[in-house]
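# Coordinates in review
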Amino acid sequence: MGGVTARVLVVEDAEAIRSGVVAGLTEAGFGAAGRVDGRGLEDDLATFRPDLVVLDVMLPGRDGFALLDVVRRHSDAGVVMLTARDAVDDRLRGLHGGADDYVVKPFALAELVARVTAVLRRMGRTPSTVAVGDLVVDAAAGTVLRGGAPVELTATELRLLDYLAAQRGRVVSKGQILTRVWGYTDYDPNLVEVHVSALRRKLGEPRLVHTVRGLGYVLRTDGDEAPA
């Protein structure tokens, strides 16, 4: 990700979740830090100055709703809340309280990273342009360049490429692609395969969208260290 790196603060008391999310956000190109609870959040907002805060609802001491109010009073950072699967009231309360989005536990790390990226993009806090080798994707402008030449894609192909570009260097499964690009939960591998094949043909050589057998696809240059 070019330009100034967006900063994300993760407030989550479960160490395994917190460390995993921080690591995933760091790998995605963000400046990420974690905190076990809301103590000192006001200081973090002033010193770390996050562009977005990931808030767990169920926290020791001040819960996520109280901390959402703190963020809204002391910062213009975006907020993504983590809620339990059956806690519909919590999700509504968070959205009415000013949260930008929520992710339901248990969640796939790739989904959370994509949600964070989407919120930051809407806020104008992260560049919409992603470069992978000689490929430049600007989803906001709806343009794709390969070697400086424009590549004409359908709207679906652009969404697919944008998702792969956001996860560049990381393998994403067909199921993850279906969920993020089409919003489907039912597994339909043929749909993904057809669109990946069309995308590869339009992007040309050398190939950038690689198949990782048994796992999914990854967008990378031939020089990157990743399985083919």
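Details of the structure are given in the entry above.
Residues numbered from 1 in each chain as written. Predicted model: local features only at pLDDT ≥ 70, side-chain atom pairs only at ≥ 80, totals over all residues. Heavy atoms only, no water.

## Here we look at the overall build of the protein chain
- Along its length, the protein chain carries eight helices and eleven strands.
- Each principal axis of the C-alpha distribution contributes one length, and for the protein chain these read about 55 × 35 × 30 Å.
- Buried residues in the protein chain amount to 43% of all 228 residues.
- Carbon and sulfur atoms make up 52% of the accessible area of the protein chain, which amounts to about 10,900 Å² in all. (Helix = DSSP H or I, 4+ residues; strand = E, 2+ residues; numbered from the N terminus. Buried < 20%, exposed > 50% of the residue type's maximum accessible area, 1.4 Å probe, protein only. Areas by Shrake-Rupley, 256 points an atom, 1.4 Å probe, with all protein chains shown as cover.)

## Digging into the pattern of salt bridges
- This structure, assessed with the given rule, holds 13 salt bridges.
- In this structure, D100 engages R72 in a salt bridge whose closest nitrogen and oxygen atoms are separated by 3.1 Å. Here D100 is found in the loop between helix 4 (88-96) and strand 5 (101-105), whereas its partner R72 is found in helix 3 (residues 64-74), with 28 residues between them in sequence.
- Note on D100: relative accessible area 32%, which makes it partly exposed.
- A salt bridge links R146 to D134; its shortest N-O distance comes to 2.5 Å. Here R146 is found in strand 8 (residues 143-146), whereas its partner D134 is found in the loop between strand 6 (129-132) and strand 7 (135-138), with twelve residues between them in sequence.
- Relative accessible area serves as the criterion here: at 10%, R146 is assigned to the buried category.
- Residue D134 is classed as partly exposed on the basis of its relative accessible area of 37%.
- Because the salt bridges share partners, they merge into one network encompassing E12, D56 and K105. (Salt bridge = Lys/Arg side-chain N within 4 Å of Asp/Glu carboxyl O.)

## Things to note about the side chain of D56
- If you trace the backbone, D56 turns up in strand 3 (residues 52-56).
- Reaching out from D56, the side chain makes a polar contact with the side chain of K105 at a distance of 3.2 Å.
- With residues up to four places along the chain from it excluded, the contact list for D56 reads V11, E12, D13, G64, L82 and K105. (Polar contact = N/O pair within 3.5 Å; in protein donor to acceptor, adjacent residues only side chain to side chain. Contact = heavy atoms within 4.5 Å.)

## Details of the nonpolar core
- The biggest cluster of nonpolar side chains holds 26 residues, and the ones touching the most others in it are I177 and L219.
- Among the elements of the structure, strand 6, strand 7, helix 6 (155-166), helix 7 (174-182), helix 8 (189-203) and strand 11 (216-219) are those that each provide at least two residues to this core.
- Counting residues per element, this core draws most heavily on helix 6, which supplies six residues.
- The residues contacting L219, other than those within four sequence positions of it, are V132, L135, L161, L164, A165, R168, G169, L208 and V209.
- Core analysis: the next-biggest nonpolar cluster, separate from the first, contains 19 residues, V10, L82, V103 and L120 among them. (Core = buried A, V, L, I, M, F, W, Y, C linked by side-chain atoms within 4.5 Å.)

## Focus: the environment of G148
- Here G148 is to be found in the loop between strand 8 and strand 9 (149-150).
- Since its relative accessible area comes to 61%, G148 is described here as exposed.
- Sequence separation between G148 and V79 is 69 residues; the distance between their C-alpha atoms is 36 Å.

## Side note on the sheet that holds strand 7
- As summarised here, the arrangement of the four strands in space is 6-7-8-9, forming an open sheet in which the pairing is antiparallel. Since the sheet does not close on itself, it has two edges, and those belong to strand 6 and strand 9, each with one partner.
- Against the sheet, helix 6 engages strand 6, strand 7 and strand 8, with an angle of about 110° to strand 7. (Pairing = 2+ DSSP bridges. Axes fitted to C-alpha atoms, helices over the stretch in contact; angles between N-to-C directions.)

## Here we look at the packing of helix 6 against helix 8
- At a closest axis distance of 10 Å, the pairing of helix 6 and helix 8 adopts a crossing angle of 85°. When the axis of helix 6 is compared with that of helix 8, the two are roughly perpendicular. Here T156, E157, L160, L161 and L164 of helix 6 lie close against helix 8, whose contacting residues are H195, V196, A198, L199, K202 and L203.
- Along the lines of polarity and charge, the residues of the contact of helix 6 with helix 8 split into seven nonpolar, two polar and two charged. (Parallel < 35°, antiparallel > 145°, perpendicular 65-115°, else oblique. Nonpolar A, V, L, I, M, F, W, Y, C, P; charged D, E, K, R; others polar.)

## Observations concerning the environment of G147
- Secondary-structure assignment places G147 in the loop between strand 8 and strand 9.
- Of the residues examined, G147 reaches a relative accessible area of 60% and is grouped as exposed.
- Put simply, G147 and V136 are eleven residues apart on the chain and 8.4 Å apart in space, counted from C-alpha to C-alpha.

## Some points on the packing of helix 7 against helix 8
- Two elements in contact, helix 7 and helix 8, have axes whose closest approach is 9 Å; the angle formed by their N-to-C orientations is 80°. Taken together, the axes of helix 7 and helix 8 lie roughly perpendicular to each other. Contact residues: K174, I177, L178 and W182 in helix 7; P189, L191, V192, E193 and H195 in helix 8.
- Within the contact of helix 7 with helix 8, the residues separate by chemical class into six nonpolar, one polar and two charged.

Everything listed here is a matter of coordinates, which is why it stays silent on function.
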